[in-house]
Amino acid sequence: MEALTRQMVQPAPYDYQKIQRIRERIKEVFGRESIMNDELLLKRYNITPDGDLIMIVR
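A few points on the structure. (Residues numbered from 1 in each chain as written. Predicted model: local features only at pLDDT ≥ 70, side-chain atom pairs only at ≥ 80, totals over all residues. Heavy atoms only, no water.)

Further remarks concern the environment of Arg 58. Note that Arg 58 resides in the segment after strand E2 (53-55). In sequence terms Arg 58 and Arg 44 are 14 residues apart; their C-alpha atoms lie 8.7 Å from each other. (Helix = DSSP H or I, 4+ residues; strand = E, 2+ residues; numbered from the N terminus.)

Shown next, in the form of structure tokens:
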């Protein structure tokens, strides 16, 4: 039971390729590099398979 709980608590691994694509697209769109950490970047932005940048506004 304890091993199962540890597996459920572990965070999902980052998709570093997706993060890199988002950073590249932000630089293209806004003309400057993003200084956000990876976790915040993934909360605020997403990228479509076509390469379109999606900004998540809450």
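Another aspect to go through is the nonpolar core. Ranked by size, the top nonpolar core spans six residues in total: Ile 19, Ile 22, Ile 26, Leu 41, Tyr 45 and Ile 47. Where this core is concerned, the elements lending two or more residues are helix H2 (16-30) and strand E1 (45-47). Of all the elements, H2 adds the most residues to this core, at three residues. Beyond its immediate chain neighbours, meaning those up to four positions away, Tyr 45 contacts Ile 22, Ile 26, Phe 30, Met 36, Leu 53, Ile 54, Met 55 and Ile 56. (Core = buried A, V, L, I, M, F, W, Y, C linked by side-chain atoms within 4.5 Å. Buried < 20%, exposed > 50% of the residue type's maximum accessible area, 1.4 Å probe, protein only. Contact = heavy atoms within 4.5 Å.)

Note on placement: Ser 34 falls in the loop between H2 and helix H3 (38-44). Classification of Ser 34 as buried rests on a relative accessible area of 17%. Looking at Ser 34, its side chain comes within polar contact range of the main-chain nitrogen of Met 36, at 3.3 Å. In this view, Ser 34 contacts Arg 23, Ile 26 and Leu 41; residues no more than four positions away in its chain are not counted. (Polar contact = N/O pair within 3.5 Å; in protein donor to acceptor, adjacent residues only side chain to side chain.)

Across all of its chains, the model carries four salt bridges by this definition. In this structure, Arg 23 engages Asp 38 in a salt bridge whose closest nitrogen and oxygen atoms are separated by 2.9 Å. Of this pair, Arg 23 sits in helix H2 while Asp 38 sits in helix H3; the two residues are 15 residues apart in sequence, bridging distant segments of the chain. Between Glu 33 and Lys 27 there is a salt bridge; the shortest N-O distance is 3.3 Å. You can call Glu 33 exposed: its relative accessible area is 58%. (Salt bridge = Lys/Arg side-chain N within 4 Å of Asp/Glu carboxyl O.)

Geometric values such as these leave the question of function open.
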